[in-house]
Amino acid sequence: MSLTGVAMMSHGTEALIHFIDADVSLAFHDTSCHQMEVARKVAEKKPETLVIITPHGLRAEKMVTISCAEWIEGHLDINTSQPLHDVYAINRSLAEHLIQCGSPVATAAISFGASSGELNRLPLDWGAHVPLRFIQAFSISRPSVVILTPSRHLSLADLFSYGQHLGSLLTHWPSPLALIASGDLAHTHDPSGPYGFDPEATSFDRDFVKMLKTGQTSGLLSLSIDRINRVKVDALWQVAIMLGVLSELNHGPWQISGYSCPTYFGMVSGFVDVYDTQT
């Protein structure tokens, strides 16, 4: 079995603060618990590589970027007494395979510094770093990673098609993998937040979680761009790829750990068990 599980995880750094020190960010208790539940389920599958789709990585116009360096390194100064520094090996063989096998959308191999070795390092963005930190806490050994970042100028339909293509490649990879879509929902819940308040935020998040939980894929992919832009959601591009991957798999129902909105944006965490995918 290659692809063993698919998850959606949020990347609110405050949930990670609570995870590290439960007395620091009490408002994020529920969010942190939701993340831990999903992280535990991912880790139980013992993936050797985590494929993370993040909205905050290195983007290229109308393309999906794929990490092709040796290493990826990140810092999170979320707690002055406990700054986080993590380095992950990139599964370069898998990354190069995804590039070489063609795609229904344009893809770009990204690297930085030297062409190989210790200085060949990409920056690890918080969209990938936060889920990785949760999963790492429940893993026996540190998995390698491949980071994908879709352009927001690609349509959801095109990204779904890319996900179908990606799913067919991942299901035939010879070692166990897990796929994580990192994303948060409406960012307009709080008038004092950076994006202000929109009354549509609550109904958008409610509809999103319902469609995800009930498998109403067409509903998620047909959300209007005006509505998406109005509430400032950042999850849909990653979710479109994830849904395309799931369409290629024999999988169970969504196990939604929970939704929470302790700040100006909504967060949901969930897991899908993937059954034997080898044919």
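One can find the structure itself at the top, above this paragraph.
Here the structure is a predicted model, which is why all the values come from computation and not from measurement.

Engineer: What exactly am I supposed to notice about the sheet that holds strand β8 (residues 144-150) here?
Structural biologist: In a beta sheet, neighbouring strands are held together by backbone hydrogen bonds and run either parallel or antiparallel to one another. The strand order β6-β3-β8-β2-β9-β1-β11-β10 describes an open sheet built from 8 strands, whose pairing is mixed. One side of each edge strand has no neighbouring strand; the edge strands of this open sheet are β6 (107-110) and β10 (251-260). If you compare each strand with its neighbour and ignore which way they point, the axes differ by 20° on average. Two strands pair when backbone bridges link them, and strand β2 (residues 49-53) and strand β9 (residues 177-182) are joined in this way by 5 bridges, in the parallel orientation. Note that in β9 the partner of T49 across the bridge is L177.

Engineer: Can you walk me through the layout of surface pockets in this structure?
Structural biologist: It is the rolling of a water-molecule-sized probe over the atoms that shows where space remains empty. Looking at the largest pocket, its volume works out to about 330 Å³. Every residue lining the largest pocket is counted, 18 residues in all, and those nearest its centre are H56, H187, Y195, K232 and D234. Residue classes in the lining of the largest pocket are distributed as 7 nonpolar, 6 polar and 5 charged. In terms of lining residues, the second largest pocket is bounded by A43, E44, K46, P47, E48, F138, S139, I140, S141 and P143.

Engineer: Help me out: how do you make sense of the sheet that holds strand β7 (residues 121-123) in this one?
Structural biologist: One open sheet holds the 3 strands; their spatial order is β5-β4-β7, and the pairing between them is mixed. The sheet is open, and its two borders are formed by β5 (84-89) and β7, each paired with just one other strand. The sheet shows a mean angle of 25° between the axes of neighbouring strands, taken without regard to direction. Helix α4 (residues 126-137) contacts β4 (71-76) and β5 of the sheet and is inclined by roughly 90° relative to β5.

Engineer: Any chance you could explain the packing of helix α1 (residues 13-20) against helix α2 (residues 29-44) here in plain terms?
Structural biologist: The description of two packed helices rests on the angle between their axes and on the distance between the axes. Where α1 contacts α2, the axes come no closer than 8 Å and their chain directions differ by 85°. The pairing of α1 with α2 is recorded here as roughly perpendicular in orientation. For the pair formed by α1 and α2, the contact residues are A15, H18 and F19 on the first element and H29, T31, S32 and M36 on the second. Of the residues that constitute the contact of α1 with α2, the class distribution is 3 nonpolar, 4 polar and no charged.

Engineer: Help me understand α4 in this model?
Structural biologist: In an α-helix, one turn spans 3.6 residues, which is why side chains three or four residues apart end up on the same side. Between its first and last C-alpha atoms α4 spans 16 Å; for 12 residues at 1.5 Å apiece the expected length is 16 Å, and the two agree. α4 sits mainly inside the fold: 9 of its 12 residues count as buried. Here α4 has its buried residues at G127, A128, H129, V130, P131, L132, F134, I135 and Q136. With a side-chain oxygen positioned 2.8 Å from the backbone nitrogen of G127, the residue opening α4 is D125.

Engineer: So what exactly am I meant to see when it comes to the nonpolar core here?
Structural biologist: In globular proteins that are soluble, nonpolar side chains generally tend to be buried together. Counting residues in hydrophobic clusters, the biggest one holds 54 residues, and the most contacted among them are M8, L148, F208, L236 and M242. Sorting elements by how many residues they give to this core places helix α9 (residues 236-246) first, with 9 residues. Those residues within four positions of L236 in sequence are excluded, and the remaining contacts are L156, F204, F208, L220, L223 and I228. One finds V42, L76, F134 and F271 within the second-largest nonpolar core, a separate group that totals 34 residues.

Engineer: What exactly am I supposed to notice about the environment of G127 here?
Structural biologist: Position of G127 relative to the elements: it lies in helix α4. For the pair formed by G127 and D184, sequence separation is 57 residues and the distance between their alpha carbons is 9.4 Å. Not counting residues within four places of it along the chain, the set of residues in contact with G127 comprises H11, T54, H56 and S182.

Engineer: Hey, could you run me through the packing of aromatic side chains in this one?
Structural biologist: By the definition in use, this model includes 5 aromatic pairs. With a centroid separation of 6.3 Å and an interplanar angle of 50°, the aromatic rings of Y195 and Y264 are classed as tilted. Of this pair, Y195 sits in the loop between β9 and α6 (200-214) while Y264 sits in the loop between β10 and β11 (267-274), and the two are 69 residues apart along the sequence. Residue classification places Y195 among the partly exposed residues on the basis of a relative accessible area of 46%. Using a relative accessible area of 22% as the deciding quantity, one classes Y264 as partly exposed. Put simply, the rings of F19, F134 and F138 touch in pairs and so form one group of aromatic residues. Sitting over the ring of Y88, R142 keeps its end group 4.6 Å from the ring centre. Looking at R152, its charged tip hangs above the ring of W237, at a distance of 5.3 Å from the centre.

Each value, and the rule that gives it
Residues numbered from 1 in each chain as written. Predicted model: local features only at pLDDT ≥ 70, side-chain atom pairs only at ≥ 80, totals over all residues. Heavy atoms only, no water. Pairing = 2+ DSSP bridges. Helix = DSSP H or I, 4+ residues; strand = E, 2+ residues; numbered from the N terminus. Axes fitted to C-alpha atoms, helices over the stretch in contact; angles between N-to-C directions. 1 Å grid on protein atoms, 1.4 Å probe; cavity = no way out; pocket = protein on both sides within 12 Å on 5 of 7 lines; lining within 4 Å. Points joined across faces, edges and corners; volume = space filled by probe spheres on them. Nonpolar A, V, L, I, M, F, W, Y, C, P; charged D, E, K, R; others polar. Contact = heavy atoms within 4.5 Å. Parallel < 35°, antiparallel > 145°, perpendicular 65-115°, else oblique. Expected span 1.5 Å × (residues − 1). Buried < 20%, exposed > 50% of the residue type's maximum accessible area, 1.4 Å probe, protein only. Polar contact = N/O pair within 3.5 Å; in protein donor to acceptor, adjacent residues only side chain to side chain. Core = buried A, V, L, I, M, F, W, Y, C linked by side-chain atoms within 4.5 Å. Phe/Tyr/Trp six-rings, centres within 6.5 Å; stacked < 30°, edge-to-face > 60°. Lys NZ or Arg CZ within 6 Å of the ring centre and 35° of its normal.

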